[in-house]
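# Survey of secondary and tertiary structure
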Amino acid sequence: MFDRFTREARRAVVKAGIHALDAGRPALDAGLLLLGVAEVRPFTLPAFTASAADVRERVGADDRRALLATLGIDLDEVRRRTRIGVDDPASWTLRRSRLRPLRVVLYGPVGEIPLAMHARKVIEVARWKPGPVTGERLLWGLLADGGNGVGRILRDTGVNLRELVHEAGIPVHRRAA
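Residues numbered from 1 in each chain as written. Predicted model: local features only at pLDDT ≥ 70, side-chain atom pairs only at ≥ 80, totals over all residues. Heavy atoms only, no water.

## Digging into helix 2 (residues 30-40)
Most of helix 2 sits inside the fold, with 10 of its 11 residues counted as buried. For helix 2, the set of buried residues is A30, G31, L32, L33, L34, L35, G36, V37, A38 and V40. Looking at the packing, one finds that the buried side of helix 2 touches helix 1 (7-23), helix 3 (52-59), helix 6 (117-128), helix 7 (135-144) and helix 8 (150-156). A side-chain oxygen of the first residue of helix 2 lies 3.2 Å from the backbone nitrogen of G31; this N-cap is D29. Taken from the residues just after helix 2, R41 is the one with a positive phi, measuring 50°. (Buried < 20%, exposed > 50% of the residue type's maximum accessible area, 1.4 Å probe, protein only. Helix = DSSP H or I, 4+ residues; strand = E, 2+ residues; numbered from the N terminus. Contact = heavy atoms within 4.5 Å. Polar contact = N/O pair within 3.5 Å; in protein donor to acceptor, adjacent residues only side chain to side chain.)

Printed below as a string of structure tokens:
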């Protein structure tokens, strides 16, 4: 399923998967996909003003660096030494189960994690149109499902959603009165 993803969009999904695995989560959810997008920023959209720290705080992905630093442990250094090449998008795959078509799993060198329903919808929307899956298309997938909480998270971090949708070229469906 990664075949049409640009390198940066793929990096964002892989980053989200690593966060989910590190946190011991049972599935990769839309909030962690937003965190991956906020960290990688696979686009140049000035309206996307959310910082990775703001998103991390709102999705409950604790940053363990401060806690470990009090013990004299540099988490970034430990990860650099023990996880060489883990975040390389080429070493990760995203596959749909043949027996259970609604199950999509991210496989990588440090483990595998299924995508939760809302995260799977993000990928489906991003891949819906022909052509490459870019960061803007991932953002479209994140914002297409009002039930996943991503819009609320972005709004809480101060993002102007109307401006972001316009900049990203996300189609807007207007309801008839």
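On we go from here.
## Description of the packing of aromatic side chains
Inspection of every chain in the model, using the stated rule, returns three aromatic pairs. When the ring of F2 is compared with that of F5, the centres are 5.0 Å apart and the planes differ by 75°; the resulting orientation is edge-to-face. Overall, the relative accessible area of 4% leaves F2 in the buried class. A residue is classified by how much of its surface remains accessible, and F5, at 8% relative accessible area, is buried. Ring geometry for W128 against W140: centres 6.0 Å apart, planes inclined by 75°, an arrangement best described as edge-to-face. With a gap of 12 residues between them, W128 in helix 6 and W140 in helix 7 connect regions that are remote in the sequence. (Phe/Tyr/Trp six-rings, centres within 6.5 Å; stacked < 30°, edge-to-face > 60°.)

## Focus on the pairing of strand 2 (residues 104-108)
On a regular strand, each side chain points to the face opposite its neighbour's, so the side chains alternate between the two faces of the sheet. Examined bridge by bridge, strand 1 (residues 93-96) and strand 2 share four bridges and lie antiparallel to one another. Of the residues in strand 2, the one forming a bridge with R96 is V104. Hairpin connection, strand 2 to strand 3 (residues 111-114): the antiparallel pair is bridged by two residues. (Pairing = 2+ DSSP bridges.)

## Remarks on the nonpolar core
Among the nonpolar cores identified, the biggest contains 51 residues, and L28, F48, L106, L138 and L154 are the most heavily contacted of them. When residues of this core are traced back to their parent elements, those giving at least two are helix 1, helix 2, helix 3, strand 2, helix 6, helix 7, helix 8 and helix 9 (161-168). Broken down by element, the residue count for this core peaks at eight residues, all from helix 2. In this structure L28 touches A16, G17, A20, L33, L106, I113, P114, L115, A116 and A119, once residues within four positions along its chain are discounted. (Core = buried A, V, L, I, M, F, W, Y, C linked by side-chain atoms within 4.5 Å.)

## Overview of the pattern of salt bridges
Applying the stated criterion across every chain yields a total of six salt bridges. With a shortest N-O distance of 2.8 Å, E8 and R11 are connected by a salt bridge. Of this pair, E8 and R11 both sit in helix 1, three residues apart, roughly one helical turn. Across the pair E39 and R56 runs a salt bridge whose closest N-O atoms are separated by 2.4 Å. One end of the pair, E39, is in helix 2; the other, R56, is in helix 3, with 17 residues separating them in the sequence. (Salt bridge = Lys/Arg side-chain N within 4 Å of Asp/Glu carboxyl O.)

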